[in-house]
Amino acid sequence: GAGVSQSPRYKVAKRGQDVALRCDPISGHVSLFWYQQALGQGPEFLTYFQNEAQLDKSGLPSDRFFAERPEGSVSTLKIQRTQQEDSAVYLCASSAIRGISTDTQYFGPGTRLTVL
Amino acid sequence: DQQVKQNSPSLSVQEGRISILNCDYTNSMFDYFLWYKKYPAEGPTFLISISSIKDKNEDGRFTVFLNKSAKHLSLHIVPSQPGDSAVYFCAARVQGGSEKLVFGKGTKLTVNP
């Protein structure tokens, strides 16, 4: 009965470093989403998986951002050569999509990334 | 351009009174709307939702109203409690598209004892 978990909760990176953020969705949830939330803003969509298939990556801000979900469960968001503007909270959400568009998305606590 | 707008960054209400949080949207293709509540250092928590075919949905102290012609929705909390103090986000989903949510910037609600 655990919710969505994310690790690490906090990450400090030096500019130019690569980072990897992990998301463990609710067990059995088919769909997984990544959002970016800058300070004082609402979450903004990055990418969406249904099982292992990445169906929408239109929100990824640049080719430095890459997400994967190889076995249809855990997902990793990787940011290469981090920049200061990447500083934000990265939220993961999952939902039990069964072709029903009104399934609720449940969010994890987020990873706060600070790039120095 | 902001497709979902929450024009009030903050709202302060007395305990026991009604809290009304407003949200406007511009995309007529949105067919499902949600409200999330967020406490500091936590992820957003789902509160209540409404389909575009309805104009009202109620769940306990929380009621969401949708006015499609005005492209406006509101969340009513009655009676407000100090534990309701949080940031409230309005979100919307596009009909037939990806399942992604489009969020407003949020309204910080403070309920004073």
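Quick note: structure is the one above.
On a predicted model such as this, the values are computed, not experimentally measured, just so you know.

Participant: Where do I start with the overall build of chain A in this structure?
Facilitator: Across its full length, chain A holds zero helices and eleven strands. Going from N to C terminus, chain A has its helices and strands arranged as β-β-β-β-β-β-β-β-β-β-β. Here chain A holds 116 residues, and the buried ones make up 47% of them. The contacts in chain A between residues at least 6 apart in sequence include a share of 52% that link residues at least 24 apart. Total accessible area on chain A stands at roughly 5700 Å², and carbon and sulfur atoms take up 47% of it. Taking the 12 positively charged and 11 negatively charged side chains of chain A as two groups, their mean positions are separated by 7 Å.

Participant: What's the story with the side chain of S75 of chain A in this structure? I'm lost.
Facilitator: Relative to the helices and strands, S75 of chain A resides in strand β8 (residues 75-79). There is a polar contact of 2.9 Å between the side chain of S75 of chain A and the backbone oxygen of E68 of chain A.

Participant: In this structure, what is going on with the interface of chain A and chain B? I would like to understand it.
Facilitator: Accessible area lost upon the coming together of the parts is a frequently used measure of interface size. If you look at the interface, chain A gives 23 residues, while chain B gives 17 residues. Both sides together, the interface formed by chain A and chain B hides about 1600 Å², and carbon and sulfur atoms give 56% of it. At the junction of chain A and chain B, the tally comes to four residue pairs in polar contact (both at pLDDT 80 or more). Of all the elements in the fold, those that place two or more residues in the side of chain A that touches chain B are β4 (31-37) and β5 (44-50) of chain A.

Participant: Is there a simple way to explain the sheet that holds strand β3 (residues 19-24) of chain A in this structure?
Facilitator: Backbone-to-backbone hydrogen bonds pair the strands of a sheet. The strands run either parallel or antiparallel. Residue and element names in this part refer to chain A. With respect to topology, four strands assemble into an open sheet ordered β1-β3-β8-β7, the strand pairing being antiparallel. In the strand order of this sheet, the two ends are held by β1 (5-7) and β7 (65-68), each with one partner. When strand polarity is set aside, the average angle formed by the axes of neighbouring strands in this sheet is 15°. Here β7 runs beside β8; their pairing, made up of four bridges, is antiparallel.

Participant: For this particular structure, what's the right way to read the pattern of salt bridges?
Facilitator: Side-chain pairs of opposite charge can arise whenever the charged atoms involved come near each other. All names here are of chain A. Inspection of the entire model under this criterion finds six salt bridges over all chains. Close ionic contact of D86 with R64 constitutes a salt bridge, the shortest N to O distance being 2.8 Å. Of this pair, D86 sits in the loop between β8 and β9 (88-95) while R64 sits in the loop between β6 (53-56) and β7; the two residues are 22 residues apart in sequence, bridging distant segments of the chain. Comparing D86 with R64, the two get one shared label, buried. Of the charged contacts in the structure, one is a salt bridge between K78 and E68, with a shortest N-O distance of 3.3 Å. One end of the pair, K78, is in strand β8; the other, E68, is in strand β7, with ten residues separating them in the sequence.

Participant: Where do I start with the nonpolar core in this structure?
Facilitator: Nonpolar side chains tend toward joint burial in soluble globular proteins. If you look at the biggest cluster of nonpolar residues, it comprises 24 residues, and the most contacted ones within it are F33, W35, L73, L75 and Y88 of chain B. Contributions of two or more residues to this core are made by β3 (19-25), β4 (30-38), β5 (45-51), β7 (62-67), β8 (72-77), β9 (86-94) and β11 (107-112) of chain B. Sorting elements by how many residues they give to this core places β9 of chain B first, with four residues. Setting aside residues up to four positions removed in sequence, L75 of chain B forms contacts with S19, I20, L21, W35, L47, I48, F62, T63 and Y88 of chain B. Counting residues in each nonpolar core, the second largest holds 20 residues, with L21, A88, Y90 and C92 of chain A among its members.

Participant: In this structure, what is going on with the sheet that holds β8 of chain B? I would like to understand it.
Facilitator: Residues and elements named next belong to chain B. If you trace the five strands from one edge of the open sheet to the other, you get β1-β3-β8-β7-β6, paired in antiparallel fashion. Strands at the two margins of the open sheet, each flanked by one partner only, are β1 (4-5) and β6 (56-59). In this structure, β1 lies alongside β3, joined through two bridges in antiparallel fashion. By the bridge assignment for β3, K5 is matched with D24.

Participant: I'm lost on the packing of aromatic side chains in this one. Help?
Facilitator: Given two aromatic rings, one states the distance between the centres and the angle between the planes to describe the pair. A complete count under the given rule lists 14 aromatic pairs over all chains for this structure. Ring geometry for Y36 of chain B against F46 of chain B: centres 5.9 Å apart, planes inclined by 75°, an arrangement best described as edge-to-face. Taken as a pair, Y36 of chain B in strand β4 and F46 of chain B in strand β5 lie far apart in primary sequence, ten residues in all. With a relative accessible area of 26%, F46 of chain B lands in the partly exposed category. Through pairs of rings, three or more aromatic residues link up here, namely F33, Y35, F45, Y48 and F107 of chain A together with Y36, F46, F89 and F103 of chain B.

Calculation notes
Residues numbered from 1 in each chain as written. Chains lettered and ligands numbered in written order. Predicted model: local features only at pLDDT ≥ 70, side-chain atom pairs only at ≥ 80, totals over all residues. Heavy atoms only, no water. Helix = DSSP H or I, 4+ residues; strand = E, 2+ residues; numbered from the N terminus. Buried < 20%, exposed > 50% of the residue type's maximum accessible area, 1.4 Å probe, protein only. Contact = heavy atoms within 4.5 Å. Areas by Shrake-Rupley, 256 points an atom, 1.4 Å probe, with all protein chains shown as cover. Lys, Arg positive; Asp, Glu negative; His and termini not counted. Charge placed at Lys NZ, Arg CZ, Asp CG, Glu CD. Polar contact = N/O pair within 3.5 Å; in protein donor to acceptor, adjacent residues only side chain to side chain. Buried area = accessible area lost by both parts, 1.4 Å probe. Pairing = 2+ DSSP bridges. Axes fitted to C-alpha atoms, helices over the stretch in contact; angles between N-to-C directions. Salt bridge = Lys/Arg side-chain N within 4 Å of Asp/Glu carboxyl O. Core = buried A, V, L, I, M, F, W, Y, C linked by side-chain atoms within 4.5 Å. Phe/Tyr/Trp six-rings, centres within 6.5 Å; stacked < 30°, edge-to-face > 60°.

Read these as layout, nothing more, since geometry by itself doesn't imply function.
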